[in-house]
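The lines below spell out each chain.
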Number of protein chains: 2
Amino acid sequence: MKTFSHQFYLTAAEVTAQREMPLSRLVTLIIETATGHANQLGIGFDFMISHGISWVLSRLTIEIKETPKVNHAYRLDTWIENFNRMFSDRNFEMIDEETGEPILWAHSTWMAINMESRRPSDLTALKGMSEAVNGQLFPYDKGGKLLPVQDAVIEHEYRFAVSDIDVNRHVTTRRYIDLMVDLWPLEQYEQNTVSRFEIAFKREARYDDVARAVAAPHEGSPEVFDTQVEVNSSPCALARIYFKKR
Amino acid sequence: MKTFSHQFYLTAAEVTAQREMPLSRLVTLIIETATGHANQLGIGFDFMISHGISWVLSRLTIEIKETPKVNHAYRLDTWIENFNRMFSDRNFEMIDEETGEPILWAHSTWMAINMESRRPSDLTALKGMSEAVNGQLFPYDKGGKLLPVQDAVIEHEYRFAVSDIDVNRHVTTRRYIDLMVDLWPLEQYEQNTVSRFEIAFKREARYDDVARAVAAPHEGSPEVFDTQVEVNSSPCALARIYFKKR
């Protein structure tokens, strides 16, 4: 199927103090839904690993008109916009099942990495990719290159622990994003929502690494911040977070 | 229905470096499944809150023969063993869907608290409770009173952040348990599994509280530890964790 859909109902156990889906959960849900579609297309993690390659999420941009709310039913649709030898562009649209209206959109860029050489694998060799292409575009700016944060004004140190480590012995995406989100106090989220989020994954952190999470205003904008999680001064993830007054 | 079942498939995205379900996820899954059954019985959070009362998990004991593993299908069954004015005893059994064998059991004690007076509400006044009682016992020791940890040998300090706060503005159960689990290094979990876990919830922590997580060997046993998360020297959660060599 060219479009894969994941339906869900957001319960009270899963939401923030603002009764909304946490940003880290939104990102992991996007990744899980992409995984579900890849599995359906026969190019999921299991198939890839049997060929010594693995999908790696390189870049993700989410444009949020409305954050998913508690006790609401939603549907997350995903499709492959396009691909070339190196990258696959996958888009997402979340629909409020009660109104039928889209509430957010996402664009992601994936690579397939050879686990031994650590080099990109040729996506055009993957059977089933071409037939799956839908072509429907992401209706917003995909975002440009994210650069390391200069002159950080917010900073937090954290040592990765057992509960932060995934099946590949790397730090989870959830932990990176929670470290970024946690740079601001609760009042920031009471007064603002996140209207757009861009993240680029640079390298993996591991158990017991000491991370530094930092943020700085983006070109002097009071509502946009550049943020990153780094280990030994080398960025693991770079992000840009756009706040909007409630 | 006297027994409520939740079926699930454990994916690679949800497991630890040991390819198993994290303890914090097991506990939140147990709570979610209890919530699902209470909703089905018409005594869920929504109904209770409309009467100014709320379910509060007071005590939980999990006996683990086998930790749920990646790429396996499971079923978690739950039922009400019994109840009186003050407490409701709810049991759980997890079945490996491939073998049909039970792999773990849990016993939980719940109270219904009046949100205004903070006093226990009379459970015998709840319609539908008596008919739902199944009576099937928890086949292990329910565990005795957990006392505050003395002479801690492991200690960690942590300030609760935005991502740790739930819809009621309290610290999440997941965060308490991850803080306890994270007191040990990764090697501990590579060499051991958790064979039994008991936890008692004492009071709620809040945003920006500074917690101290501590652990001490239980009566000199090398494989059993008492642990707690406390704020201002007052315990929020007390637990006992039993390790078993792999």
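Here, every reference points to the structure presented above.
All figures in this text were calculated on a predicted structure; none of them were measured in a lab.

**Student:** For this particular structure, what's the right way to read the overall build of chain A?
**Tutor:** Scanning chain A from terminus to terminus reveals five helices and ten strands. In terms of overall size, chain A behaves like a compact globule, its C-alpha atoms giving a radius of gyration of 18 Å where 246 residues would be expected to give roughly 18 Å. Its C-alpha atoms give chain A principal-axis dimensions of roughly 50 × 45 × 35 Å. By the burial criterion, 56% of the 246 residues in chain A qualify as buried. Of the contacts formed within chain A by residues at least 6 apart in sequence, a portion of 70% connects residues at least 24 apart. Here chain A has roughly 11,300 Å² of accessible surface; of this, 49% comes from carbon and sulfur atoms. Put simply, chain A has 27 plus and 35 minus side-chain charges, and the middle of one group is 4 Å from the middle of the other.

**Student:** I'm lost on the relation of the copies chain A and chain B in this one. Help?
**Tutor:** Superposition of the two copies of the chain requires a rotation about an axis and a shift along the axis. With an RMSD of 0.0 Å, the operation that places chain A on chain B is a rotation of 180° combined with a shift of 0.0 Å along the axis. A rotation of that kind, with that shift, is consistent with a two-fold axis. Nearest to the rotation axis, the C-alpha of Tyr158(A) is located 4.8 Å from it, this being the minimum over chain A. A share of 100% of interface residues in chain A that are also interface residues in chain B marks the association as one of identical surfaces.

**Student:** Whenever I open this one, the environment of Asn232(A) confuses me. Can you help?
**Tutor:** Mapped onto the secondary structure, Asn232(A) falls in the loop between strand 9 (224–231) and strand 10 (234–245). On the basis of relative accessibility, which here comes to 69%, the residue Asn232(A) falls in the exposed class.

**Student:** Explanation requested: the sheet that holds strand 8 (residues 210–217) of chain A in the structure shown.
**Tutor:** Each strand in a sheet pairs with its neighbour through backbone hydrogen bonds, running either in the same direction (parallel) or in the opposite one (antiparallel). Residue and element names in this part refer to chain A. Read from one edge to the other, the open sheet built from ten strands follows the order 1-3-4-5-2-7-10-9-8-6, with strand pairing classed as antiparallel. Looking at which strands have only one partner, the edges of the open sheet turn out to be strand 1 (4–10) and strand 6 (154–159). Ignoring which end each strand starts from, the neighbouring axes of this sheet average 20° apart. Strand direction decides the pairing type here: strand 3 (residues 72–83) and strand 4 (residues 88–96), joined by nine bridges, are antiparallel. Looking at the pairing, Thr78 lines up with Phe92 of strand 4. Strand contacts of helix 1 (residues 23–40): strand 1, strand 2 (53–64), strand 3, strand 4, strand 5 (102–114), strand 7 (192–201) and strand 10, with the helix running at about 130° to strand 2, the strand carrying the most contacts.

**Student:** How should I be thinking about the sheet that holds strand 10 (residues 234–245) of chain B in this particular structure?
**Tutor:** Residue and element names in this part refer to chain B. What the ten strands build is an open sheet, ordered 1-3-4-5-2-7-10-9-8-6; its pairing is antiparallel. Only two strands of the sheet have a single partner each, and these edge strands are strand 1 (4–10) and strand 6 (154–159). In this sheet, adjacent strand axes meet at a mean angle of 20° when their direction is disregarded. In terms of strand pairing, strand 9 (residues 224–231) meets strand 10 through eight bridges, oriented antiparallel. What sits directly across from Val231, in strand 10, is Ser234. Packed onto the sheet, helix 1 (residues 23–40) meets strand 1, strand 2 (53–64), strand 3 (72–83), strand 4 (88–96), strand 5 (102–114), strand 7 (192–201) and strand 10 and runs at close to 130° relative to strand 2. Against the sheet, helix 4 (residues 173–181) makes contact with strand 6, strand 7, strand 8 (210–217), strand 9 and strand 10, and its axis sits at roughly 130° relative to strand 7, the strand it touches most.

**Student:** Please clarify how the environment of Thr16(B) should be interpreted in this entry.
**Tutor:** With respect to the secondary-structure elements, Thr16(B) resides in the loop between strand 1 and helix 1. Overall, Thr16(B) belongs to the buried group, its relative accessible area being 16%. Taking the C-alpha atoms as reference points, Thr16(B) and Val149(B), separated by 133 residues in sequence, lie 27 Å from one another. The contact partners of Thr16(B), leaving out residues within four places of it in the chain, are Ile165(A), Asp166(A), Val167(A), Met21(B) and Pro22(B).

**Student:** Got a minute to help me understand the packing of aromatic side chains in this structure?
**Tutor:** To describe a pair of aromatic rings, you give the distance between the ring centres and the angle between the ring planes. Residue and element names in this part refer to chain A. Considering all chains together, one arrives at 18 aromatic pairs over all chains under this definition. Consider the rings of Phe225 and Phe243, whose centres lie 6.1 Å apart with planes at 75°: the pair is edge-to-face. Linking Phe225 in strand 9 with Phe243 in strand 10, this pair joins segments that are 18 residues apart in sequence. Given the relative accessible area of 11%, Phe225 is considered buried. Counting every residue linked through ring pairs, the aromatic cluster contains Trp184, Tyr189, Phe225 and Phe243. Across from the ring centre of Tyr158, 4.7 Å away, lies the NZ or CZ of Arg175, which sits over that ring.

Definitions and limits used
Residues numbered from 1 in each chain as written. Chains lettered and ligands numbered in written order. Predicted model: local features only at pLDDT ≥ 70, side-chain atom pairs only at ≥ 80, totals over all residues. Heavy atoms only, no water. Helix = DSSP H or I, 4+ residues; strand = E, 2+ residues; numbered from the N terminus. Rg over C-alpha atoms; globule rule 2.2 N^0.38 Å. Buried < 20%, exposed > 50% of the residue type's maximum accessible area, 1.4 Å probe, protein only. Contact = heavy atoms within 4.5 Å. Areas by Shrake-Rupley, 256 points an atom, 1.4 Å probe, with all protein chains shown as cover. Lys, Arg positive; Asp, Glu negative; His and termini not counted. Charge placed at Lys NZ, Arg CZ, Asp CG, Glu CD. Least-squares fit on C-alpha atoms with pLDDT ≥ 70 in both. Pairing = 2+ DSSP bridges. Axes fitted to C-alpha atoms, helices over the stretch in contact; angles between N-to-C directions. Phe/Tyr/Trp six-rings, centres within 6.5 Å; stacked < 30°, edge-to-face > 60°. Lys NZ or Arg CZ within 6 Å of the ring centre and 35° of its normal.

Structural measurements only, silent on function.
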